[in-house]
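Structure assessment
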Amino acid sequence: MPDSLKDIPVRVESRPGSAPVSLYAPHRKLYPRSVKGLFNNWRILFVVMTQLAYYALPWLDWNGRQAVFFDMVNRKFYLFGLTIWPQDFFYLSALLMCSAFGLFAWTSIAGRLWCGYACPQTVYTEIMLWIEQWVEGDRSKRIKLDQAPMSVRKLRLKTTKHAIMLLFSLWTGFTLVGYFTPIRSLTAALPHFDYGPWEIFWTFFYGGFTYLFAAHMREQVCKYMCPYARFQSVMFDADTLIISYDEKRGEPRGARKKGTDPEQAGLGSCINCSLCVQVCPVGIDIRHGLQYECIGCAACIDVCDEVMDKMSYPRGLIRYTTENALEGKYGEKQIRQHLMRPRVIVYAILLTTIISAVVVSLLLRQPFKADVIRDRASLVRETNDGLLENAYTIRIVNTSEQPQHFKIRVEGLPGIKMQSDSPIVTVKGTETETTTLRVQVDPQYASRGGHEIHFFIQSTDDPAIRRVEKSSFIGE
Ligand code: SF4
Ligand code: SF4
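Residues numbered from 1 in each chain as written. Chains lettered and ligands numbered in written order. Predicted model: local features only at pLDDT ≥ 70, side-chain atom pairs only at ≥ 80, totals over all residues. Heavy atoms only, no water.

Below, the discussion takes up the overall build of the protein chain. Secondary structure assignment for the protein chain yields 16 helices and 16 strands. Whereas a compact globule of 476 residues would reach a radius of gyration of roughly 23 Å, the protein chain reaches 32 Å, over 25% beyond that. Taking all contacts inside the protein chain whose residues are at least 6 apart in sequence as the whole, residues at least 24 apart take part in 67%. Only carbon and sulfur atoms are counted for the fraction: they give 62% of the accessible area of the protein chain, which is about 26,200 Å². Treating the 55 positive side-chain charges of the protein chain as one cloud and the 46 negative ones as another, the clouds have centres 8 Å apart. (Helix = DSSP H or I, 4+ residues; strand = E, 2+ residues; numbered from the N terminus. Rg over C-alpha atoms; globule rule 2.2 N^0.38 Å. Contact = heavy atoms within 4.5 Å. Areas by Shrake-Rupley, 256 points an atom, 1.4 Å probe, with all protein chains shown as cover. Lys, Arg positive; Asp, Glu negative; His and termini not counted. Charge placed at Lys NZ, Arg CZ, Asp CG, Glu CD.)

Next up, the structure:
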């Protein structure tokens, strides 16, 4: 695997008085050529699906509220029928772990699939490119327009393009805010721009960065800012699927007439048309081997296959393959068998374990949570009847969206009882209710020190919904 870091120019003062060497390659504007083909269709599908999900989700309703809503003020996250509370930190950790192990697994199997098809930077850059092509035309027209002196037409086209890009970016920022403030009320406030400072800040912050990263910086974000590009190589091995140019088949490259038999002409299959470079959104030449800049978009595969079709050569001069297959250690048909490797199996086991734990936890999840806190201010007091009494605060969180009624009883010491018999606590949907209880015990059963007791909190609507909370009773 080539060491691609050598390709990064470094800016250093080598000797006093000598010319400085550039640390970063000067930015060269790219004009990726549009491409058609199987992988391009997949990319379009992913762009459409991810964006449909992103822009449509906040508009969906569930039980009379926004289906996906992060209520930061009340510290509740709504995901369709599920309400996540701060105590459900486990689910957030599980989601983060699944994302990380899923990314590791996919990268080990098929390289930068995430970058090429689903990363927001790729997706938004692709959308900005569509806008650019739609307003300014194809690659050659865009190059001509940029080289032409400023004119009314150029100003009109550039203004239109950037206005559409800005509007799209602001809509993206607005949608993000719509996950945290009900999007319908946000939209209703639009005519008078009746927003709070944080809503304005996040709309412009996220929208501004979408415009900056996707419309202007584009491939530079992947090249210089994204840490994943740098550490992904540790997840690659010689059996990882990567997009590669088949040098043995392609070289020596050279132009020739259509239908020329490469063997007779003493040439490889590459006709040196440079289309694979022209379609590349990061501006690299895949024929130089695997480079860290390659985001795995497969545009070069699509365009080269088109060229091979026109030349009546077999497809696949650039293709998904593995380093070992390219070196002839096994055939292309054996690639699949080599995808399941120990590291992939370990990632798969970890993923399955975490997902199973989440599913089991969701299935066993009680629709309420409860905390029992003994009043530490007054350890124990004696009642007029000569009983010992401890006070407790019981906090019940109704995690369902329907009101619930709970009966509370206490056990653990002979004759233990509550001051009020089996109180019923009513908690509204997704709300919290706190109640104070006094527990009394005959002194003969509660000697000095702590005694373990249990509070049984049970739904009166469905007796199967119940929890037992441990606490302690302090004797005299
Ligand atoms: S598109 Fe294919 S044929 Fe054309 S230069 Fe690239 S590798 Fe060679
Ligand atoms: S080399 Fe090919 S796969 Fe890699 S970024 Fe360029 S076009 Fe996409």
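Our focus in this paragraph is the layout of surface pockets. By volume, the largest pocket amounts to about 1,200 Å³. Listing elements by their share of the lining of the largest pocket, those giving two or more residues are α1 (38–56), β4 (76–79), β5 (82–84), α2 (89–110), α4 (120–136) and α16 (342–364). When grouped by side-chain class, the residues that make up the lining of the largest pocket number 27 nonpolar, three polar and three charged. One number sums up the size of the second largest pocket: a volume of about 410 Å³. For the second largest pocket, the lining is made up of 16 residues, of which Phe46, Trp106, Leu113, Trp114 and Tyr117 are closest to its centre. Of all elements in the fold, only α1, α2 and α3 (113–117) reach the threshold of two or more residues within the lining of the second largest pocket. Take the lining of the second largest pocket: its biggest share by element is six residues, from α2. (1 Å grid on protein atoms, 1.4 Å probe; cavity = no way out; pocket = protein on both sides within 12 Å on 5 of 7 lines; lining within 4 Å. Points joined across faces, edges and corners; volume = space filled by probe spheres on them. Nonpolar A, V, L, I, M, F, W, Y, C, P; charged D, E, K, R; others polar.)

By the element assignment, Lys223 lies in helix α9 (residues 219–225). Buried charge without a salt bridge: Lys223, with Glu219 as the nearest opposite-charge side chain at an N-O distance of 5.1 Å. Here Lys223 is in contact with Arg230, Val282, Tyr292 and Glu293, once residues within four sequence places are set aside. (Buried < 20%, exposed > 50% of the residue type's maximum accessible area, 1.4 Å probe, protein only. Salt bridge = Lys/Arg side-chain N within 4 Å of Asp/Glu carboxyl O.)

Regular strands place side chains that alternate from one sheet face to the opposite one. Of the two faces of strand β6 (residues 242–245), the one holding Ile242 and Ser244 and the one holding Ile243 and Tyr245 are both buried throughout. As paired elements, β6 and strand β7 (residues 318–321) share four bridges and run antiparallel to each other. In the strand pairing of β7, Tyr245 is matched with Ile318. (Pairing = 2+ DSSP bridges.)

One can find Val68 in strand β3 (residues 68–71). If sequence neighbours within four positions are ignored, Val68 has contacts with Leu57, Tyr78, Leu79, Phe80 and Tyr179.

The subject of this paragraph is the site of ligand 2. Lining the immediate surroundings of ligand 2 are Ile243, Cys280, Pro281, Val282, Ile284, Ile286, Cys294, Ile295, Gly296, Cys297, Ala298 and Cys300. Each residue belonging to the shell around ligand 2 can be placed in one class, and the counts come to 11 nonpolar, one polar and no charged. (Near = heavy atom within 4 Å.)

Once that is clear, we can look at the nonpolar core. Residues Ile243, Ile286 and Ile318 are the most contacted members of the largest nonpolar core, which totals 42 residues. Breaking this core down by element, the ones donating at least two residues are α2, α3, β6, α14 (299–311) and α16. The biggest single contributor to this core is α14, with eight residues. In this structure, Ile318 is in contact with Ile243, Ser244, Tyr245, Cys276, Ile286, Cys300, Ile301, Cys304 and Asp305, ignoring residues within four places of it in sequence. (Core = buried A, V, L, I, M, F, W, Y, C linked by side-chain atoms within 4.5 Å.)

Let's shift gears to the sheet that holds β4. Across the sheet, three strands lie side by side as β3-β4-β5; this open sheet has antiparallel pairing. Here the strands that pair on one side only, and so sit at the sheet edges, are β3 and β5. Averaged over all pairs of adjacent strands, the angle between their axes in this sheet comes to 10 degrees, without regard to strand direction. (Axes fitted to C-alpha atoms, helices over the stretch in contact; angles between N-to-C directions.)

Below, the discussion takes up the site of ligand 1. What surrounds ligand 1 is the set Tyr245, Cys270, Ile271, Asn272, Cys273, Ser274, Cys276, Arg287, Cys304, Met308, Leu317 and Ile318. Classifying every residue of the shell around ligand 1 gives nine nonpolar, two polar and one charged.

Take the side chain of Gln291 next. Looking at the element boundaries, Gln291 is found in the loop between α13 (275–278) and α14. One polar contact links the side chain of Gln291 to the main-chain carbonyl oxygen of Gly289, over a distance of 2.6 Å. (Polar contact = N/O pair within 3.5 Å; in protein donor to acceptor, adjacent residues only side chain to side chain.)

Before going further, it helps to spend a moment on the packing of α1 against α4. Between α1 and α4, whose axes approach to 10 Å, the crossing angle comes to 105 degrees. With respect to their mutual orientation, α1 and α4 come out roughly perpendicular. Touching Asn40, Arg43, Ile44, Val47, Thr50, Gln51, Tyr54 and Tyr55 of α1 are Val123, Tyr124, Glu126, Ile127 and Trp130, all from α4. Split by residue class, the contact of α1 with α4 holds eight nonpolar, three polar and two charged. (Parallel < 35°, antiparallel > 145°, perpendicular 65-115°, else oblique.)

As enumerated under the stated definition, the model contains 26 salt bridges in all. Between Asp371 and Arg395 there is a salt bridge, with the nearest N and O atoms lying 3.1 Å from each other. Of this pair, Asp371 sits in strand β8 (residues 368–374) while Arg395 sits in strand β10 (residues 388–398), and the two are 24 residues apart along the sequence. Of the residues examined, Asp371 reaches a relative accessible area of 34% and is grouped as partly exposed. Sharing partners across several salt bridges, the network here consists of Lys29, Glu132, Glu136, Arg142, Asp146, Lys158, Lys161 and Arg218.

That bond from Glu251 to Pro252 is cis: its omega, -5 degrees, falls within 30 degrees of zero. Mapped onto the elements, Pro252 comes out in the loop between α11 (247–250) and α12 (262–265). Residue Ala298 is not a glycine yet carries a positive backbone phi of 70 degrees. Structurally, the position occupied by Ala298 is in the loop between α13 and α14. When its relative accessible area of 1% is taken as the criterion, Ala298 is described as buried.

Let us look at the sheet that holds strand β16 (residues 466–475). What links the strands of a sheet is backbone hydrogen bonding, and the strands pair in either a parallel or an antiparallel sense. With antiparallel pairing, the four strands of this open sheet are ordered in space as β13-β11-β15-β16. Of all strands in the sheet, those bounded by a partner on one side alone are β13 (424–427) and β16. Going from strand to strand, the sheet's axes swing by 30 degrees on average, the running direction of each strand aside. By the bridge criterion, six bridges tie strand β11 (residues 404–411) to strand β15 (residues 449–459) in an arrangement that is antiparallel. Opposite Lys407, over in β15, you have Gln458 as the bridge partner.

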